[in-house]
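Here is how the chains run, residue by residue.
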Amino acid sequence: MTAGAAGARPPRDARADLERVAREGVTWPSAPSRLAPDGTTTRRSAVLVLFGALDAVPARSPGAPRVPADLDVLLQRRSATMSHHPGQVAFPGGGIDPGDDGPVGAALREAVEETGLEPSGVDVLGTLADVPLPVSDNLVTPVLAWWRTPSRVAAVDHREAVDVFRAPVADLVDPARRGVVVHPVARGRVRTPAFELDGGVVVWGFTALVLAGVLDAAGWSVPWDVSRTVTP
């Protein structure tokens, strides 16, 4: 059993693909909406989904016909001491404060605080549909962006994140690195996307769901075995 768009095509302008995704939006799977939290206590949050050629090191996965080998997305690993999603791979981001300029302002502010990136080099392409995150009672707005001028990044506050790193998109779409994580819920089980990166790093949960949606909408995904399970 496979998922993803079929057929090969040469690499296209990745930014143009992402600009189209920002215009047309992403339809998230139905599972998260079934698990949506009670809106009376939900906190509004935003994450920065930042793509670009973040360094000169190409992807390790062979044969990525739909994306450039140098295309990356910025991720970080959360501290094991965090109350929600400890140790998980995540996008930079956090709660929307009253002084923020909405989700875009919050995502950029949090990214600066967490990774030290220079925001003047980031082009915001648009916001995507909100995604409920029931376990932490958040409604999260993904902010899609392009890193026009990359800057040095690192984990700034080790109480929140212990590592900031690039994830090559060609590795993310490699069928050998894709799978699903099975989550037990009140009514049975939910299967959500997962990605295996170098060094035993597994991207799963909310971050993997957003990545999978963007990769599919951009036309970058290739067929993969949706019956393959991954242990986070």
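Preceding block: the structure.
A brief report on the enclosed structure follows. Computed from a predicted model, the values in this text were never measured in an experiment.

## Here's the deal with helix α1 (residues 14-24)
Step number 1: Of the residues making up α1, those classed as buried are A14, D17, L18, R20, V21 and A22.
Step number 2: Looking at the packing, one finds that the buried side of α1 touches β2 (43-52), β6 (122-127), β8 (138-147) and α5 (205-218).
Step number 3: For α1, the N-terminal cap is D13; the gap from its side-chain oxygen to the backbone nitrogen of R15 is 3.0 Å.
Step number 4: Backbone geometry just downstream of α1 places G25 in the positive-phi region, at approximately 85 degrees.

## Observations regarding the side chain of D100
Step number 1: Relative to the helices and strands, D100 is located in the loop between β5 (93-95) and α3 (102-115).
Step number 2: Under the relative-accessibility criterion, D100 is labelled buried at 15%.
Step number 3: Discounting residues that sit within four places of it in the chain, D100 has contacts with G95, G105, A106 and R109.

## Regarding α3
Step number 1: For α3, which comprises 14 residues, the first-to-last C-alpha distance of 20 Å matches the rise-based estimate of 20 Å (1.5 Å per residue) to within 8%.
Step number 2: Every buried residue of α3 is listed here: G105, A106, A107, L108, E110, A111, E114 and T115.
Step number 3: Remark: G116 follows α3 within two positions and exhibits a positive phi of approximately 75 degrees.

## With respect to the sheet that holds strand β12 (residues 202-203)
Step number 1: Spatially, three strands are ordered β10-β11-β12 in an open sheet, and the strand pairing comes out antiparallel. The open sheet has two edge strands with one neighbour each: β10 (178-185) and β12.
Step number 2: Where strand β11 (residues 188-196) lies against β12, two bridges are found, and the strand directions are antiparallel. Counted as the bridge partner of E196 is V202 from β12.
Step number 3: The strands touched by α5 within the sheet are β10, β11 and β12, with β11 carrying the most contacts at an inclination of about 70 degrees.

## Some details on the pattern of salt bridges
Step number 1: Counted according to the given criterion, the structure contains 15 salt bridges.
Step number 2: Here R20 ties to E24 by a salt bridge, and the two come within 3.8 Å at their closest N and O atoms. Residue R20 and its partner E24 are both found in helix α1; the two are separated by four residues, about one turn of the helix.
Step number 3: Notably, a salt bridge pairs R44 with D130, separated by 3.1 Å at the nearest N-O pair. With R44 in strand β2 and D130 in the loop between β6 and β7 (131-133), this residue pair connects regions lying 86 residues apart in the sequence.
Step number 4: The exposure class of R44 is partly exposed, given its relative accessible area of 37%.
Step number 5: One network of salt bridges, with partners in common, ties together D97, D100, R109, E110 and E113.

## Here we look at the packing of α1 against α5
Step number 1: One way to put it is that α1 packs onto α5 with a least axis distance of 9 Å and a crossing angle of 110 degrees. Between α1 and α5, the crossing angle belongs to the class labelled roughly perpendicular. Residues D17, L18, R20 and V21 of α1 form the contact with α5, whose own contacting residues are V214, A217 and A218.
Step number 2: Per-class residue counts for the contact of α1 with α5 are five nonpolar, no polar and two charged.

## Focus on the environment of V21
Step number 1: Residue placement: V21 occurs in helix α1.
Step number 2: Overall, the relative accessible area of 1% leaves V21 in the buried class.
Step number 3: Taking the C-alpha atoms as reference points, V21 and A218, separated by 197 residues in sequence, lie 6.0 Å from one another.
Step number 4: Those residues in contact with V21 that sit more than four places away from it in its chain are V26, L128, L144, V214, A217 and A218.

The rules we used
- Residues numbered from 1 in each chain as written.
- Predicted model: local features only at pLDDT ≥ 70, side-chain atom pairs only at ≥ 80, totals over all residues.
- Heavy atoms only, no water.
- Buried < 20%, exposed > 50% of the residue type's maximum accessible area, 1.4 Å probe, protein only.
- Helix = DSSP H or I, 4+ residues; strand = E, 2+ residues; numbered from the N terminus.
- Contact = heavy atoms within 4.5 Å.
- Polar contact = N/O pair within 3.5 Å; in protein donor to acceptor, adjacent residues only side chain to side chain.
- Expected span 1.5 Å × (residues − 1).
- Pairing = 2+ DSSP bridges.
- Axes fitted to C-alpha atoms, helices over the stretch in contact; angles between N-to-C directions.
- Salt bridge = Lys/Arg side-chain N within 4 Å of Asp/Glu carboxyl O.
- Parallel < 35°, antiparallel > 145°, perpendicular 65-115°, else oblique.
- Nonpolar A, V, L, I, M, F, W, Y, C, P; charged D, E, K, R; others polar.

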